[in-house]
Amino acid sequence: MKNHKYIVTVVFSLVLFASCESDLDVVRTDNLTEDDFLNNPDNAIKLVNGVYEKQLSYNMYSFPWIGMTSITSDDADKGSTPSDSGSDKHKMDNLTFEASDISIKDVWNGRYEGIYRANTALFYLNQLQISESLKNRLIGETKFLRALFYFDLVRCYGGVPIVAKVVDINNVEEINATVYTRKSKEETYLQIETDLLDAIDKLPLKGQYSSNDTGRASKGAAQALLAKVYLYQQKWQQSFDMAGNVINSNQYDLLGNYEDVWREVGENKSESIYEVQASLTNGLVDYTNVQGPRGTPDLGWGFNSPSLNLTNSYLAGDVRKAATIMFVPSTLWDGFIAPTSWTNPRYNYKAYQSSISESWDGNRGNTAKNHRILKYSDLLLIRAEAALNLGNEPEAVDRVNEIRERTGLADVTSITMDQLLDERRWEMAMEYDRWFDLIRTGRAVSKMAADGKTFITGKHEVFPIPADELIKSGGRLLQNPGY
């Protein structure tokens, strides 16, 4: 899939859906019948590829997501220049975001657009004339993706509307009961778990895919995401066991060099459990551009600058610091000189796209850099955290030391929860988990205060529901407290 374009080439649409979700981006023609479509097995893969393709969009993992999940945290500052707010990224940095902000709206819309594509794919997969084995695998892939989209939503907004099927646009009652009715956080997590358990049953192991299908969701990806979902709900034993399934599958391992993990050389290698596939012809929109160094020579917009708080938190000798933070001035890994003419003293090194040593065609807004969603190191830390909460410190120590082998740091002989979460911060820094980690562990108030930010308990645990959605729902959607 790395070499394929994730373009939806389905040439008709039988289902329309007017709500908080937008169209599937299909090209319509009067020359294709429903029978023609259902009798062409190639359309099954094209439908599912369309769900994957959505992840490359600007409103998925680009500027809005970066603002809400990283600039909010103590890992990063807004960056860029003082006068360039990035529309609302100064609000993200100061924790003064509002329901009317564009980032709040974009992240919501991006996930529901992906969910709509998933629902449409599932609707037709059950009708297409294809083999049962292929059908089951494609259903598993699609349910994994839908679960991932809902996981982002529940982490950001709390309980959200659960739309798990194609909705009839003419059925006002059904639209009001699904699209415009929020479910609880618990109900949302239940939907995620249900999708992932079904995906686990249907998906092959990573190593069972052919090279032509590199990057598709695997059994291990569904298990790893479910282990993380359980962790967020403090279902320690279930998280511990599910993480163990991934470890015991022998499909994954840490790369020898930490700095390779986010470079092209590390794409789809042993540490990758799931990553968004990008190519020069169908790239990740503005992800590297948003975070690229700003100034002369200009490589991007300069946002999401690693904070001094993060910089000063690393232990002496930890190689992860230099692999995560691009310091100015310096010589970069590809030989490029980071000059003092750049605006900020630090940039996100993990988002750097080399024009010298990696796939590059000069288009900064559409790059071939894959985006990592689930890594084996993340899974090991999930296992360690679940173990520590179960009173199994030796297991937590073993998993942390497994990660530390490549960091330049000595092994630990014991570990506390605070130390484990520090380890998670250093391993996952600038990877869009820090904000959620602080909230789910109850450390947001103290850590934000140490970074000069005011976290309001009872409000900032979730972002506001987008103002536009409240209006479209006619008051049926209820706003989160404090907004």
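Now for a look at the structure at hand.

Rules behind the numbers
- Residue indices follow the written sequence of each chain, beginning from 1 at its first position.
- Predicted model: local features are reported for residues with pLDDT of at least 70 only, side-chain atom pairs are reported and counted for 80 or more only, and whole-chain, interface and lining totals are derived from all residues.
- Side-chain figures throughout are based on the complete set of non-hydrogen atoms in the structure, without hydrogens or water.
- Secondary structure elements are taken from DSSP: a helix is a run of H or I of four residues or more, a strand is a run of E of two residues or more, and numbering for both begins at the N terminus.
- Note that accessible areas follow from Shrake-Rupley with a 1.4 Å probe, and for residues the cover is restricted to the protein chains shown.
- Asp and Glu count as negative and Lys and Arg as positive, but His and the ends of the chain are not part of the count.
- Charged side chains are reduced to one point each, which is NZ for Lys, CZ for Arg, CG for Asp and CD for Glu.
- Any Lys or Arg side-chain nitrogen located within 4 Å of an Asp or Glu carboxyl oxygen qualifies as a salt bridge.
- Relative accessibility decides the category of a residue: with a 1.4 Å probe and only protein chains considered, values under 20% of the type maximum give buried, values over 50% give exposed, and everything between is partly exposed.
- At least two DSSP bridges between two strands are needed for those strands to be called paired.
- Any two residues whose heavy atoms approach within 4.5 Å are treated as being in contact.
- Two N or O atoms form a polar contact when they lie within 3.5 Å of each other; inside protein one atom must be a possible hydrogen donor and the other a possible acceptor, and for residues adjacent in sequence the pair counts only when both atoms belong to side chains.
- In a helix, the anticipated span is given by 1.5 Å times the number of residues less one.
- Note on aromatic contacts: the rings of Phe and Tyr and the six-membered ring of Trp form a pair at centre separations within 6.5 Å, being stacked when their planes are under 30 degrees apart, edge-to-face when over 60 apart, and tilted otherwise.
- Each ring is checked for a lysine NZ or an arginine CZ that lies within 6 Å of its centre and within 35 degrees of its normal; such an atom marks a charge sitting over the ring.

### Quick word on the overall build of the protein chain
Within the protein chain, the secondary structure is distributed over 20 helices and ten strands. Projected onto its principal axes, the C-alpha positions of the protein chain cover 65 × 50 × 50 Å. Looking at the protein chain as shown, the accessible area adds up to about 17800 Å², and 49% of this sits on carbon and sulfur atoms. Between the mean site of the 51 positive side-chain charges and the mean site of the 65 negative ones, the protein chain shows a separation of 2 Å.

### What about the pattern of salt bridges?
Per the counting criterion, the structure on display carries 47 salt bridges. Across the pair Asp-74 and Arg-434 runs a salt bridge, and its minimum N-O distance is 2.8 Å. Within this pair, whereas Asp-74 is found in the loop between α4 (63-71) and β1 (76-79), its partner Arg-434 is found in helix α18 (residues 434-440), the two being separated by 360 residues in sequence. The same class applies to Asp-74 and to Arg-434, which are both buried. In this structure, the salt-bridge partner of Arg-146 is Asp-195, at a minimum N-O distance of 2.8 Å. You can see Arg-146 sitting in helix α7 (residues 132-157) and its partner Asp-195 sitting in helix α9 (residues 185-202), a full 49 residues away along the chain. One exposure class covers both Arg-146 and Asp-195, and it is buried. The structure contains a network of salt bridges with shared partners spanning Arg-111, Asp-152, Arg-155, Lys-228, Asp-378, Glu-385, Arg-424, Asp-433, Asp-437 and Arg-440.

### Points about the pairing of strand β2 (residues 272-276)
Most of β2 is tucked away, with five of its five residues classed as buried. Pairing between β2 and strand β10 (residues 371-375): four bridges, direction antiparallel. Note on β10: the bridge partner recorded for Glu-275 is Arg-372.

### Things to note about the side chain of His-371
Relative to the helices and strands, His-371 is located in strand β10. Given a relative accessible area of 1%, His-371 falls into the buried group. The residues contacting His-371, other than those within four sequence positions of it, are Tyr-61, Trp-262, Glu-275, Val-276, Leu-284, Tyr-287 and Tyr-432.

### Regarding the side chain of Lys-89
Relative to the helices and strands, Lys-89 is located in helix α5 (residues 89-94). Separated by 3.0 Å, the side chain of Lys-89 and the backbone oxygen of Gly-86 make a polar contact. Apart from the residues lying within four places of it in its own chain, the contact partners of Lys-89 are Phe-63, Pro-64, Gly-67, Ile-71, Lys-78 and Ser-103.

### Some points on helix α6 (residues 102-125)
For α6, which comprises 24 residues, the first-to-last C-alpha distance of 34 Å matches the rise-based estimate of 34 Å (1.5 Å per residue) to within 8%. Within α6, 21 of the 24 residues are buried, leaving the element largely enclosed by the surrounding structure.

### A few points about the environment of Thr-343
Position of Thr-343 among the secondary structure elements: in the loop between β7 (337-338) and β8 (346-348). As a C-alpha pair, Thr-343 and Glu-469 span 126 residues in sequence and 37 Å in three-dimensional space. In contact with Thr-343, other than residues within four places in its own chain, are Ser-80, Thr-81, Arg-294 and Gly-295.

### Regarding the packing of aromatic side chains
For the structure on display, the rule yields 20 aromatic pairs. Seen in terms of ring centroids, Phe-123 and Tyr-124 are 5.0 Å apart; in terms of plane orientation they differ by 85°. Their pairing is edge-to-face. Its relative accessible area of 37% is what places Phe-123 among the partly exposed residues. According to the relative accessible area criterion, Tyr-124 is buried, its value standing at 4%. Judged by centre distance (6.0 Å) and plane angle (35°), the ring pair of Trp-435 and Phe-463 falls under tilted. Highlighted residues: Trp-435 in helix α18 and Phe-463 in the loop between α19 (444-450) and α20 (467-472), separated in sequence by 28 residues. A relative accessible area of 2% places Trp-435 in the buried class. Accessibility expressed as a relative area gives 0% for Phe-463, which makes it buried. Over the aromatic face of Phe-63 sits the side chain of Lys-89, whose NZ or CZ is 3.9 Å from the ring centroid. Its end group placed over the ring of Phe-240, Arg-383 keeps NZ or CZ at 3.5 Å from the ring centre.

### Quick notes on unusual backbone geometry
Here Thr-296 and Pro-297 are connected by a cis peptide whose omega angle stands at -5°. Summarising the element assignment, Pro-297 is placed in the loop between α12 (287-291) and β4 (303-306). Cis geometry is adopted by the peptide bond preceding Pro-329, which originates at Val-328 and carries an omega value of 0°. Tracing the backbone through its elements, the reader meets Pro-329 in the loop between β5 (325-327) and β6 (330-331). Of note in this structure, Tyr-432 is not a glycine but carries a positive phi near 75°. Its location among the elements puts Tyr-432 in the loop between α17 (417-428) and α18.

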